[in-house]
Amino acid sequence: MLSSSIIKQLIAIVGEERLLLGPEDFQNYGIDRTTIWQANPCAVVLPGSTEEVQQIVLLAKEFNLAIVPSGGRTGLSGGAVAKDGEIVIALDRLNEIREFNSLDRTVTVGAGVITERLQKFAIDQGLFYPVDFASTGSSQIGGNIATNAGGINVIRYGMTRQWVAGLTVVTGAGDILELNRGLMKNNTGYDFRHLFIGSEGTLGLICEATIQLTKAPEETVVMVLGIDNFPAILDVLQIFTSKIDLTAFEFFSQLALDKVVAHQGHAVPFNTKAPFYALLEFETKGSEGLDLAMRLFEHCVDQRWVLDGVVSQSLSQASALWKLREDISETLWEFQPYKNDISVRVSRMPDFLVEVNELIERHYPDFDIVWYGHIGDGNLHLNILKPEQLSSEDFVSQCSAVSNEIGQLLAKYEGSVSAEHGVGLLKRDYLHYSRSPCEISLMRAVKSAFDPNGILNPGKLFEAQGQ
Ligand code: S2G
Ligand code: ZN
């Protein structure tokens, strides 16, 4: 519970109507999309500027009050969960889009700008912001940067990190840093920008970003292929990427498709059932691109990797095919899935898939397992659906035990326990499978440099000092 004097000082910074102390606001702002923890902040503040963020941080530092930064709250690893009486700083009001420059092809946006609004702004300027994923309608660019969001176009355009040309942050010490200022070339020592990208609010609060935009892809088409088995997915990937510059290569299992079709009422892509489906997107570059893709498709059928397929004939058909992949995540929520977001190098995927599949089938003989994800980037989303008769606690503890075995397998393949969703609270206890003790201690040293009092998102990424 905050003292009346702290409350008075917060009101002096943001104004009475922007200091929220009600239980509904705590529930709304104190959690992300994870369902394991309860929201329990002591206050929610909505600053209107970088300077107001700085004043709040200085106040929190003076009285040693923990802070949880909050953006669109679409995170899946508990990175924005305020469960221990922290002050939530919600960046929603930092929502200005300004300083677009057509020569630099950059635009400066407040951290609270909704991702989809930035995507639309870019299109209005005849350009393209290429990071895309299911929750762009409610995620905020500040949160996307803090978690280095990935999504469905990484195979061609990379993660959010590639598109951040400048950052304005407030560190845990209360310093305002203007990082890189939109420069394309700047070799002046450590590039702190890249420390803040993916830092999950543990080093500083991202207040503003200068985003690099790019040329939009020419006319693209979407192919969905029915694939006979796990390894064949990688054979198809190999043959297509060797000849075509793909903008996406996603996959999902028959069970994923069944759930999406039943839940959302979408049409199946074709009548043949297949264990797996690959969704490819690429620029046609005139008819020769499409002809080449059809020849590759026929080759994959001859090799018995592919059982059937469909190519979009229109934008509406392309978007209908995308929905089969994009709607998986939302469809699965009602089954309270335990989510693994894992990755290995694409070249190691065939062997890894065989071993992780054996592990899963050995440990989860009776559970429904849904496979999907960005296999073109080496990123698998493995969702274990909670059996109705099993309590959430028993289900999570059973899955957590298996996650340790998956972590050991990832360590063997030099893979990641969190490909794109971040570590937060959910993956903290598995971090050591992907990061060495030396790396983790260096991450702690970096945190103590930028957040000397340890007030920023304590307990996320790794245990807070003294916990
Ligand atoms: C996806 C979205 C979040 C989830 O669909 O690619 O990253 O639920 C996911 O896994
Ligand atoms: Zn994903």
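The following paragraphs examine the structure supplied in this document. (Residues numbered from 1 in each chain as written. Chains lettered and ligands numbered in written order. Predicted model: local features only at pLDDT ≥ 70, side-chain atom pairs only at ≥ 80, totals over all residues. Heavy atoms only, no water.)

Attention now moves to the overall build of the protein chain. Along its length, the protein chain carries 15 helices and 16 strands. In terms of C-alpha radius of gyration, the protein chain reaches 23 Å, essentially the compact-globule figure of 23 Å for 467 residues. Taking the principal axes of its C-alpha atoms as reference, the protein chain extends roughly 75 × 55 × 45 Å. Looking at the protein chain as a whole, 56% of its 467 residues are labelled buried. Contacts in the protein chain between residues far apart in sequence, at least 24 positions, make up 72% of those at least 6 positions apart. For the protein chain, the accessible area works out to roughly 20,200 Å², and carbon and sulfur atoms hold 50% of it. Counting 37 positive and 58 negative side-chain charges, the protein chain places the averaged centre of each group 4 Å from the other. (Helix = DSSP H or I, 4+ residues; strand = E, 2+ residues; numbered from the N terminus. Rg over C-alpha atoms; globule rule 2.2 N^0.38 Å. Buried < 20%, exposed > 50% of the residue type's maximum accessible area, 1.4 Å probe, protein only. Contact = heavy atoms within 4.5 Å. Areas by Shrake-Rupley, 256 points an atom, 1.4 Å probe, with all protein chains shown as cover. Lys, Arg positive; Asp, Glu negative; His and termini not counted. Charge placed at Lys NZ, Arg CZ, Asp CG, Glu CD.)

Around ligand 1, the neighbouring residues are Leu76, Arg325, Ser329, Lys339, Tyr372, His374, His381, Glu420 and His421. A distance of 2.8 Å separates an oxygen atom of ligand 1 from a polar atom in the side chain of Lys339. Take His374: an N or O atom from its side chain is 3.0 Å from an oxygen atom of ligand 1. Contact with the protein chains covers 89% of the free accessible surface of ligand 1, which is 290 Å². Residues that form the shell around ligand 1 fall into these classes: 2 nonpolar, 4 polar and 3 charged. (Near = heavy atom within 4 Å. Polar contact = N/O pair within 3.5 Å; in protein donor to acceptor, adjacent residues only side chain to side chain. Nonpolar A, V, L, I, M, F, W, Y, C, P; charged D, E, K, R; others polar.)

Here the focus is the environment of Met349. With respect to the secondary-structure elements, Met349 resides in helix α13 (residues 349-363). Sequence spacing of Met349 and Gly415 is 66 residues, and the spatial spacing of their C-alpha atoms is 9.9 Å. Excluding anything up to four places from it in sequence, Met349 contacts Leu234, Val344, Ile375, Gly378, Asn379 and Leu380.

When a metal holds four donors in a tetrahedron, each ideal angle between them is 109.5 degrees; when it holds six in an octahedron, the ideal angles are 90 or 180 degrees. Coordination of the zinc ion (ligand 2) by the protein involves His374 (NE2), His381 (NE2) and Glu420 (OE), with metal-donor separations of 1.8 to 2.1 Å. Along the chain, the residues that donate to the zinc ion (ligand 2) are spaced as H-x6-H-x38-E. The exposure class assigned to His374 is buried, which follows from its relative accessible area of 3%. (Donors = N, O, S within 2.8 Å, 3.2 Å for Na, K, Ca; no water.)

The next point concerns the side chain of Lys460. Positionally, Lys460 belongs in the segment after α15 (437-450). One buried charged side chain, Lys460, makes no salt bridge at all; its nearest oppositely charged neighbour is Glu86, positioned 4.6 Å away. Separated by 2.8 Å, the side chain of Lys460 and the backbone oxygen of Val81 make a polar contact. (Salt bridge = Lys/Arg side-chain N within 4 Å of Asp/Glu carboxyl O.)

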